[in-house]
Amino acid sequence: MNKDELKKVEIYLKRTLQSPNISVRARPRKTDSAEVYVGEEFVGVLFKDEEDEDDLSYNFQMAILAMDLEG
């Protein structure tokens, strides 16, 4: 993903999730995905899906560990 795509998705996530602390960062040696952070905490991976030429989409994948749910 290029810098313009990263910025557009970041703006969308900030607005949609109502959090100015979200950032989308390029991954080293990967061009089809990016990392999503809240502050300095890594929260997930964003994948670019270009499978259908006319239907570009971005998929956000976030794992939630059971230990993170405890008090």
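The rules behind these values
- Residues numbered from 1 in each chain as written.
- Predicted model: local features only at pLDDT ≥ 70, side-chain atom pairs only at ≥ 80, totals over all residues.
- Heavy atoms only, no water.
- Helix = DSSP H or I, 4+ residues; strand = E, 2+ residues; numbered from the N terminus.
- Expected span 1.5 Å × (residues − 1).
- Buried < 20%, exposed > 50% of the residue type's maximum accessible area, 1.4 Å probe, protein only.
- Arc of directions from axis to C-beta.
- Polar contact = N/O pair within 3.5 Å; in protein donor to acceptor, adjacent residues only side chain to side chain.
- Core = buried A, V, L, I, M, F, W, Y, C linked by side-chain atoms within 4.5 Å.

(A) A look at helix α1 (residues 3-16). In a regular helix each residue adds 1.5 Å, so 14 residues correspond to 20 Å; α1 covers 20 Å between its end C-alpha atoms and thus fits that length. Looking only at α1, the buried set comprises E5, L6, V9, E10 and L13. The buried residues of α1 occupy an angular sector of 130° when the element is viewed end-on, so they sit on one face. The exposed set on the far side of α1, more than 90 degrees from its buried face, consists of K3, D4, K8 and R15. The backbone nitrogen of D4 has a side-chain oxygen 3.0 Å away, supplied by the residue at the start of α1, namely N2. After α1 finishes, the residue Q18 shows a positive phi value of roughly 50°.

(B) Layout of the nonpolar core. Formed by M1, L6, V9, L13, I22, V24, A34, V36, V43 and L46, the largest nonpolar core amounts to 10 residues. Going through the elements one at a time, α1, β1 (22-26), β2 (33-38) and β3 (41-49) are the ones with two or more residues in this core.

Limitation: the analysis is restricted to geometry and does not speak to function.
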